[in-house]
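Now for the letters of each chain:
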Amino acid sequence: MDKKIKRSGLKRGARRWIFFLAIVSLPVLQYFFFAIYTKFESVLMAFQKYKIGKGGYVGSFTWDNFEWAWDVFTSGGDMIGRSLIVMATKMVITIGGGLFFSYYAAKKYFMSNFFRVTLYLPQMLGGIVLVVLYQYLLSDVYITLSGDPTGLLDKGADSAFICVLFYNLWVGFGGNVMVFSTSMSGVNESVVEAARLEGITPLQEFLYIYIPAIYPTFVTYFIALIAGVFTDGLQLYTFFAGNLDRDLYPVVFGHYFFVKTTEAKMVGTVVTYPNLAALGIIFSIILTSIILPLRKIMLKHGPRED
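Cut-off values and rules
Residues numbered from 1 in each chain as written. Predicted model: local features only at pLDDT ≥ 70, side-chain atom pairs only at ≥ 80, totals over all residues. Heavy atoms only, no water. Pairing = 2+ DSSP bridges. Helix = DSSP H or I, 4+ residues; strand = E, 2+ residues; numbered from the N terminus. Buried < 20%, exposed > 50% of the residue type's maximum accessible area, 1.4 Å probe, protein only. Contact = heavy atoms within 4.5 Å. Axes fitted to C-alpha atoms, helices over the stretch in contact; angles between N-to-C directions. Parallel < 35°, antiparallel > 145°, perpendicular 65-115°, else oblique. Left-handed = near helix turned anticlockwise from the far one by under 90°. Nonpolar A, V, L, I, M, F, W, Y, C, P; charged D, E, K, R; others polar. Expected span 1.5 Å × (residues − 1). Bend = angle between axes of the 7 residues up to and from the residue. Phe/Tyr/Trp six-rings, centres within 6.5 Å; stacked < 30°, edge-to-face > 60°. Patch = residues over 30% accessible without salt bridge, like charges linked within 9 Å, V, L, I, M, F, W, Y side chains within 5 Å. Areas by Shrake-Rupley, 256 points an atom, 1.4 Å probe, with all protein chains shown as cover. Salt bridge = Lys/Arg side-chain N within 4 Å of Asp/Glu carboxyl O. Lys, Arg positive; Asp, Glu negative; His and termini not counted. Charge placed at Lys NZ, Arg CZ, Asp CG, Glu CD. Domains from an automatic or database assignment. Buried area = accessible area lost by both parts, 1.4 Å probe. Polar contact = N/O pair within 3.5 Å; in protein donor to acceptor, adjacent residues only side chain to side chain.

### Describing the pairing of strand 2 (residues 56-61)
Strand direction decides the pairing type here: strand 1 (residues 48-53) and strand 2, joined by six bridges, are antiparallel. Within the sheet, the bridge partner assigned to G53 lies in strand 2 and is G56. Here strand 1 folds back onto strand 2, and the loop between the two strands holds two residues, one of which, G55, carries a positive phi near 85°.

What follows is the structure in structure tokens.
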């Protein structure tokens, strides 16, 4: 009898291990391939210069890729400036404004559910469809209503940048509201009621109860926004395809990086994959030196629920 129990126990344990390995194998392999292997290859590629030899591409060590990448970075003052403007406005409007409106929605004030659904609608529609409709409003509709022969997207880089930035703020606002308001809905009502008995004001309730409750989520979004400052393309490719004329079209580093990646080859072009890999490493070094200490400071000295 004891031997049968032990045998069944071993079989049960083996089945559990097989089930466990079957569940975790795919995500683990995916992580190692996309998060480890590809990044490792990208780092190695930044130090390589390729030429076509016998049997395929032959690579040799070089620092020239970083020289090219640094020249692009230092000469892209307007792209850096627009990328920073995008980051700053998203911090204020999509994150800051999203926090206030999320509090409004979490408190279930007048028409809060309607506003939540309305703000989230752009997330449920195709991005290209929205861009086409928005372009139509800024061209044909604007020309018809104003009598101006030129649409707002065709008045130069600055005018087009403001229009595209507004579009991205409008589209991205609803997603943050949904996440923040959902987190705020988990606040214990007994804590709020106890604070009201002490005479707390709505602003104090927002600052001292709701903000600490969702602070880790806020830090995640805040850091992610900074991390994407040089990769956020503002959907400029959807608006203007691969145009990089900075006098006529707004260009940010995310858009520049994407367009050059679509044009790049291993050899034989002005911009190659190793060039872009070096530029990506420069972005990573700059942002990592800012993000890591900033995140540590925010989590250490930020508000806490206790």
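### Considering the environment of A69
By the secondary structure assignment, A69 is in helix 2 (residues 64-75). Look at A69 and you get buried, because its relative accessible area is 0%. Put simply, A69 and I282 are 213 residues apart on the chain and 7.7 Å apart in space, counted from C-alpha to C-alpha. Excluding its chain neighbours within four sequence positions, the residues that come into contact with A69 are N275, A278, L279 and I282.

### What to know about the packing of helix 10 (residues 253-263) against helix 11 (residues 273-301)
At their nearest, the axes of helix 10 and helix 11 sit 10 Å apart, and the two run at 155° to each other. Comparing their axes, helix 11 and helix 10 come out roughly antiparallel. Taken as a pair, helix 10 and helix 11 cross one another with a handedness that is left-handed. Across the interface between the two elements, F253, F257, K260 and T261 of helix 10 pack against Y273, L276, L279, G280 and F283 of helix 11. Split into classes, the residues belonging to the contact of helix 10 with helix 11 amount to six nonpolar, two polar and one charged.

### Notes on helix 11
In a regular helix each residue adds 1.5 Å, so 29 residues correspond to 42 Å; helix 11 covers 41 Å between its end C-alpha atoms and thus fits that length. Along helix 11, the sharpest change in direction is near 30° and occurs at T288.

### Thoughts on the packing of aromatic side chains
Using the criterion set out here, one finds 34 aromatic pairs in the structure. Considering the side-chain rings of F73 and F230, the 5.7 Å spacing of their centres and the 85° angle between planes classify their relative orientation as edge-to-face. Taken together, the residues F73 in helix 2 and F230 in the loop between helix 8 (202-227) and helix 9 (236-240) connect sequence positions 157 residues apart. Among the residues examined, F73 registers a relative accessible area of 11% and is labelled buried.

### Some details on a positive patch on the surface
A grouping of K11, R12, R15 and R16 is seen on the molecular surface, where their side chains present a positively charged patch. Checked against the element boundaries, R15 lands in helix 1 (residues 2-45). Since its relative accessible area comes to 52%, R15 is described here as exposed.

### So, the pattern of salt bridges
Tallying each qualifying case throughout the model produces seven salt bridges. The salt bridge partner of D148 is K155, with a shortest N-O separation of 2.7 Å. Connected through salt bridges with shared partners, the residues K107, R196 and E205 form a single ionic network.

### So, the domain arrangement of the protein chain
Split into domains, the protein chain comes out as domain 1 (2-65) and domain 2 (73-301). Inter-centroid distance (C-alpha atoms) of domain 1 to domain 2 is 33 Å. Regarding the contact of domain 1 and domain 2, the summed buried area is about 780 Å², with carbon and sulfur atoms giving 79% of it. The largest contributions to the domain 1 side of the interface with domain 2 come from M45, Y50 and N65, which together make up 53% of the buried area. Joining domain 1 to domain 2, the criterion identifies zero salt bridges. Put simply, domain 1 and domain 2 have one residue pair in polar contact (both at pLDDT 80 or more) between them. The element contributing the most residues to the side of domain 1 that touches domain 2 is strand 1, with four residues. Counted by class, the side of domain 1 that touches domain 2 contains six nonpolar, three polar and one charged residues.

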